[in-house]
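# Understanding the architecture of this molecule
Each chain, letter by letter, is given below.
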Amino acid sequence: MNYLAHLFLAQNTADSHFGNLLGDFRRGVSTEQLPRPVYLGLQNHLLVDKFTDNNEQVRQAKQLFSPQRRRFAGVALDVLFDHFLIRH
């Protein structure tokens, strides 16, 4: 969901941008047939997601959401983080 962050952390090439965005839509995509620069962009996306998901500060921020809304906390934080990238 945090498209801007993934583009910001990608290499400055169209293939890397594509691969980084592909991370949210990879289900059903045969990754072994991707061109190497696109594949590396996809791998970067997955590493960024893994880092964020395991970050203690992000985990704590998710706990600030009420139990009824917590399942949307990750998406809401992604949008907030993109907002901060735009503003700062």
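Relevant structure appears above.
Described below are features of the structure shown in this document. Since the structure is predicted, the reported quantities are computational estimates derived from the model, not experimental observations. (Residues numbered from 1 in each chain as written. Predicted model: local features only at pLDDT ≥ 70, side-chain atom pairs only at ≥ 80, totals over all residues. Heavy atoms only, no water.)

## Notes on helix α2 (residues 14-22)
Among the residues of α2, Ser16, Gly19, Asn20 and Leu22 are the ones counted as buried. Relative to the axis of α2, the buried residues are bounded by an arc of 160 degrees and lie together on one face. Packing partners of the buried residues in α2 comprise α1 (3-8) and α3 (36-53). (Buried < 20%, exposed > 50% of the residue type's maximum accessible area, 1.4 Å probe, protein only. Helix = DSSP H or I, 4+ residues; strand = E, 2+ residues; numbered from the N terminus. Arc of directions from axis to C-beta. Contact = heavy atoms within 4.5 Å.)

## Description of the packing of aromatic side chains
The geometry of two aromatic rings is summed up by the distance between their centres and the angle between their planes. For the structure on display, the rule yields one aromatic pair. When the centroid spacing of 6.2 Å and the interplanar angle of 15 degrees are considered together, the rings of Tyr3 and Phe25 count as stacked. One end of the pair, Tyr3, is in helix α1; the other, Phe25, is in the loop between α2 and α3, and 22 residues separate them in sequence. (Phe/Tyr/Trp six-rings, centres within 6.5 Å; stacked < 30°, edge-to-face > 60°.)

## Structural notes on the environment of Gly23
By the secondary structure assignment, Gly23 is in the loop between α2 and α3. Using a relative accessible area of 3% as the deciding quantity, one classes Gly23 as buried. Placed 51 residues apart in sequence, Gly23 and Gly74 show a C-alpha to C-alpha distance of 16 Å. Filtering out sequence-adjacent residues up to four positions away, Gly23 remains in contact with Leu42 and His45.

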